[in-house]
Amino acid sequence: METTLNKISTKQVYTFGNKKAEGNTKMKALLGGKGANLAEMNLIGLPVPPGFTITTTMCTTYNKQGKGFTISLLKNDVEAGIKHIEKIMGSVFGDEENPCLVSVRSGARDSMPGMMDTVLNTGLNDKAVLGLAKKTDNPKFAWDSYRRFIQMFGDVVMNTNAQ
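Just so it is clear, the structure is predicted and the values come from calculations on it, not from any experiment.

S.K.: Describe the side chain of Ser-91, with residues and values.
M.R.: With respect to the element layout, Ser-91 can be found in the loop between helix 4 (67-89) and strand 4 (92-93). For Ser-91, a relative accessible area of 7% gives the class buried. Beyond its immediate chain neighbours, meaning those up to four positions away, Ser-91 contacts Glu-86, Asn-98, Pro-99 and Cys-100.

What follows is the structure, encoded as structure tokens:
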């Protein structure tokens, strides 16, 4: 008997960066509109920061199988996606000296009003903000970036601004 895991495509994370991409605009159903377009922009040479896209099938998996199962499927591939970004950017996620920051954005096969907002500056923490301040020689910028991260994370992920 085939398990749920066997029914799920093995590739759930597609990387892009440095004018290369594992996806393209023909993969909109799998990568969502934003993911497919970011991949395509890389392929045609536009200066898009590196990143990765988690497939739209993972939303269905999450809804059917739950958080724990979905995390177990994605953990290694997401970690590899972060390493991909770190390598291109020459920085390290959460690092105290040279932090790599990412934007987390939602997407869908089709445009959907009310989708999750973006969370900017993911990777900042109490120590990484000091590295960003030193790297940019602009503590005000670094602390404001950290403030925005905390505010967005609270609002989008923790739903602290819900009425």
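S.K.: Residues and numbers for the sheet that holds strand 1 (residues 13-17), please.
M.R.: Spatial ordering of the open sheet is given by 2-1-3, a layout of 3 strands whose pairing is antiparallel. The sheet is open, and its two edges are formed by strand 2 (20-21) and strand 3 (51-54), each paired on a single side. As paired strands, strand 1 and strand 3 are joined by 4 bridges and run antiparallel to one another. Of the residues in strand 3, the one forming a bridge with Thr-15 is Phe-52.

S.K.: I'd like to hear about the packing of helix 3 (residues 57-65) against helix 4, residue by residue, with values.
M.R.: Following both chains from N to C, one finds helix 3 and helix 4 inclined at 140 degrees, their axes separated by 7 Å at the closest point. On helix 4, the residues touching Met-58, Thr-61, Tyr-62 and Gln-65 of helix 3 are Lys-67, Phe-69, Thr-70, Leu-73 and Leu-74.

S.K.: Summarise the environment of Asn-98; cite the residues concerned and give the values.
M.R.: Mapping Asn-98 onto the fold places it in the loop between strand 4 and strand 5 (99-100). Placed 32 residues apart in sequence, Asn-98 and Leu-130 show a C-alpha to C-alpha distance of 9.5 Å. If sequence neighbours within four positions are ignored, Asn-98 has contacts with Gly-90, Ser-91, Val-92 and Lys-135.

S.K.: Go over the nonpolar core with me, naming the residues and quoting the values.
M.R.: Val-119, Leu-124, Ala-128, Val-129, Leu-132, Ala-133, Ala-142, Tyr-146, Phe-149 and Met-152 form the largest nonpolar core, which has 10 residues in total. Not counting the four nearest positions on each side in its chain, Val-129 is found in contact with Leu-124, Ala-142, Trp-143 and Tyr-146.

S.K.: I'd like a description of unusual backbone geometry, backed by residues and values.
M.R.: Even without being glycine, Asn-18 reaches a positive phi, approximately 55 degrees. For Asn-18, the position within the fold is in the loop between strand 1 and strand 2. Of note in this structure, Asp-137 is not a glycine but carries a positive phi near 55 degrees. Relative to the assigned elements, Asp-137 resides in the loop between helix 5 (128-136) and helix 6 (139-157). Judged by its relative accessible area of 68%, Asp-137 falls in the exposed class.

S.K.: Tell me what's going on with the packing of aromatic side chains, and back it up with residues and numbers.
M.R.: A complete count under the given rule lists 2 aromatic pairs for this structure. Both rings, one in Trp-143 and one in Tyr-146, keep their centres 6.0 Å apart while their planes meet at 55 degrees; by these two values the pair is tilted. Here the residue Trp-143 and the residue Tyr-146 both occupy positions in helix 6, the gap between them amounting to 3 residues, near one helical turn. Residue Tyr-146 is classed as buried on the basis of its relative accessible area of 10%. Centre to centre, the rings of Phe-149 and Phe-153 are 5.8 Å apart; their planes meet at 45 degrees, and the pair counts as tilted. Taken together, the residues span about one helical turn, with Phe-149 and Phe-153 both in helix 6 at a distance of 4 residues. A relative accessible area of 13% means that Phe-149 is categorised as buried.

S.K.: Kindly report on the pattern of salt bridges, identifying the contributing residues and their values.
M.R.: Under the criterion given, the structure shown has 6 salt bridges. In this structure, Lys-134 engages Glu-97 in a salt bridge whose closest nitrogen and oxygen atoms are separated by 3.8 Å. Of the two residues, Lys-134 is situated in helix 5 and Glu-97 in the loop between strand 4 and strand 5; the sequence distance between them amounts to 37 residues. In this pair, the class of Lys-134 matches that of Glu-97, namely exposed. Between Arg-147 and Asp-144 there is a salt bridge, with its nearest N and O atoms 2.8 Å apart. Taken together, the residues span about one helical turn, with Arg-147 and Asp-144 both in helix 6 at a distance of 3 residues. For Arg-147, a relative accessible area of 42% translates into the label partly exposed. Each of Asp-144, Arg-147 and Arg-148 takes part in salt bridges that share partners, so that together they form one network.

About the criteria used
- Residues numbered from 1 in each chain as written.
- Predicted model: local features only at pLDDT ≥ 70, side-chain atom pairs only at ≥ 80, totals over all residues.
- Heavy atoms only, no water.
- Helix = DSSP H or I, 4+ residues; strand = E, 2+ residues; numbered from the N terminus.
- Buried < 20%, exposed > 50% of the residue type's maximum accessible area, 1.4 Å probe, protein only.
- Contact = heavy atoms within 4.5 Å.
- Pairing = 2+ DSSP bridges.
- Axes fitted to C-alpha atoms, helices over the stretch in contact; angles between N-to-C directions.
- Core = buried A, V, L, I, M, F, W, Y, C linked by side-chain atoms within 4.5 Å.
- Phe/Tyr/Trp six-rings, centres within 6.5 Å; stacked < 30°, edge-to-face > 60°.
- Salt bridge = Lys/Arg side-chain N within 4 Å of Asp/Glu carboxyl O.

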